[in-house]
Amino acid sequence: NAGVTQTPKFQVLKTGQSMTLQCAQDMNHNSMYWYRQDPGMGLRLIYYSASEGTTDKGEVPNGYNVSRLNKREFSLRLESAAPSQTSVYFCASRSQRGIGYEQYFGPGTRLTVT
Amino acid sequence: GDSVTQMEGPVTLSEEAFLTINCTYTATGYPSLFWYVQYPGEGLQLLLKATKADDKGSNKGFEATYRKETTSFHLEKGSVQVSDSAVYFCALASTQGGSEKLVFGKGTKLTVNP
């Protein structure tokens, strides 16, 4: 049981390049999330998917797109990377619909945009 | 909207010292509350949680009590160890917008010296 996995672990992009961050979970969770973590800012929600086939914007969605490919996988795409998107990106998943169930986090992807 | 405020760090303690990290929240109703811990280079792990008023969450010697009167969920540990050095995040489960999402504080970095 690997939990939540993310690829790649590290990535360096030039401004204007595109890339997709991959996330998969093997816990049969319904909900999945993408966050970014910046110094002094905590974690901020980019997009989330409450169930397979649905996606919604979070707090900071501009410059990103997502795809919930199936129940296991939730990818985050940067179409035209900007230096402001330099950050650590975390994917998370959660089991039940309802209240108070904890989220499980992946190990993160450290992205640098030059 | 829902928000979490936690004490700013960094916090530096000697081994066996008492730890308190303050966390207060603003939310509609009585959300579930969480403390997550992030060890260097890793993703977030759930440390403890409380789902209703007066609940006490506990794990690995850490405790936090859900106080609705003061809208607080302070993290405490009686005797910290070097291995407790990490960043600690307070979070609440927000249902604004229909689906449950976590709202995080900005994190408090703890360093424990031998």
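It should be emphasised that the depicted structure is a prediction, and the values quoted were computed from it without experimental measurement.

Peer 1: An account of the overall build of chain B is needed here, citing residue identities and associated values.
Peer 2: Helices and strands together make up the secondary structure of chain B, namely zero helices and twelve strands. On C-alpha atoms alone, chain B measures out to a radius of gyration of 14 Å, which is about the 13 Å that the 2.2 N^0.38 rule sets for 114 residues. The proportion of buried residues among the 114 residues of chain B is 45%. Sequence separation of at least 24 residues holds for 55% of the intrachain contacts in chain B that already meet a minimum separation of 6. Put simply, chain B shows about 5300 Å² of open surface, and 47% of that area lies on carbon and sulfur atoms.

Peer 1: Describe the overall build of chain A, listing the residues and the values that go with them.
Peer 2: A count of helices and strands for chain A gives zero helices and eleven strands. Walking chain A from its N terminus toward its C terminus, one meets helices and strands in the order β-β-β-β-β-β-β-β-β-β-β. A compact globule built from 114 residues should have a C-alpha radius of gyration of about 13 Å, and chain A, at 13 Å, falls within 12% of that. When its C-alpha atoms are laid out on the principal axes, chain A stretches across 40 × 25 × 25 Å. Counting over 114 residues, chain A shows a buried share of 49%. Contacts spanning at least 24 positions in sequence make up 55% of the contacts within chain A whose residues lie at least 6 apart. Of the accessible surface of chain A, which amounts to about 5300 Å², a share of 48% is contributed by carbon and sulfur atoms. Where the 12 positive side-chain charges of chain A centre and where its 8 negative ones centre are 4 Å apart.

Peer 1: Break down the sheet that holds strand β1 (residues 4–7) of chain A for me, with residues and values.
Peer 2: Residue and element names in this part refer to chain A. Reading across the sheet, the four strands line up as β1-β3-β8-β7 and stay open at both edges, with antiparallel pairing between neighbours. Pairing within the sheet leaves two strands with one partner each, and these edge strands are β1 and β7 (65–68). Averaged over all pairs of adjacent strands, the angle between their axes in this sheet comes to 15°, without regard to strand direction.

Peer 1: An account of the sheet that holds strand β3 (residues 19–21) of chain B is needed here, citing residue identities and associated values.
Peer 2: Residues and elements named next belong to chain B. Read from one edge of the open sheet, four strands run β3-β9-β8-β7, paired in antiparallel fashion. At either margin of the open sheet sits one strand with a lone partner, and together these are β3 and β7 (56–59). Across the sheet, the mean angle separating the axes of adjacent strands is 15° when strand polarity is ignored. Sheet analysis places strand β8 (residues 62–65) next to strand β9 (residues 75–77), joined by three bridges and oriented antiparallel. When the bridges of β9 are listed, Glu63 appears paired with Glu76.

Peer 1: Explain the interface of chain B and chain A residue by residue, including any values.
Peer 2: Counting residues at the interface gives 21 residues for chain B and 21 residues for chain A. Taken over both partners, the interface formed by chain B and chain A buries close to 1600 Å², and the fraction arising from carbon and sulfur atoms is 56%. In this structure, the connection of chain B to chain A is made through one salt bridge. In this structure, the salt-bridge partner of B:Lys49 is A:Glu102, at a minimum N-O distance of 3.0 Å. Remark: the boundary between chain B and chain A carries three residue pairs in polar contact (both at pLDDT 80 or more). Secondary structure elements with two or more residues in the side of chain B that touches chain A: β5 (33–38), β6 (44–50) and β11 (101–104) of chain B. Taken together, the residues of the side of chain B that touches chain A sort by class into seven nonpolar, nine polar and five charged.

About the thresholds
Residues numbered from 1 in each chain as written. Chains lettered and ligands numbered in written order. Predicted model: local features only at pLDDT ≥ 70, side-chain atom pairs only at ≥ 80, totals over all residues. Heavy atoms only, no water. Helix = DSSP H or I, 4+ residues; strand = E, 2+ residues; numbered from the N terminus. Rg over C-alpha atoms; globule rule 2.2 N^0.38 Å. Buried < 20%, exposed > 50% of the residue type's maximum accessible area, 1.4 Å probe, protein only. Contact = heavy atoms within 4.5 Å. Areas by Shrake-Rupley, 256 points an atom, 1.4 Å probe, with all protein chains shown as cover. Lys, Arg positive; Asp, Glu negative; His and termini not counted. Charge placed at Lys NZ, Arg CZ, Asp CG, Glu CD. Pairing = 2+ DSSP bridges. Axes fitted to C-alpha atoms, helices over the stretch in contact; angles between N-to-C directions. Buried area = accessible area lost by both parts, 1.4 Å probe. Salt bridge = Lys/Arg side-chain N within 4 Å of Asp/Glu carboxyl O. Polar contact = N/O pair within 3.5 Å; in protein donor to acceptor, adjacent residues only side chain to side chain. Nonpolar A, V, L, I, M, F, W, Y, C, P; charged D, E, K, R; others polar.

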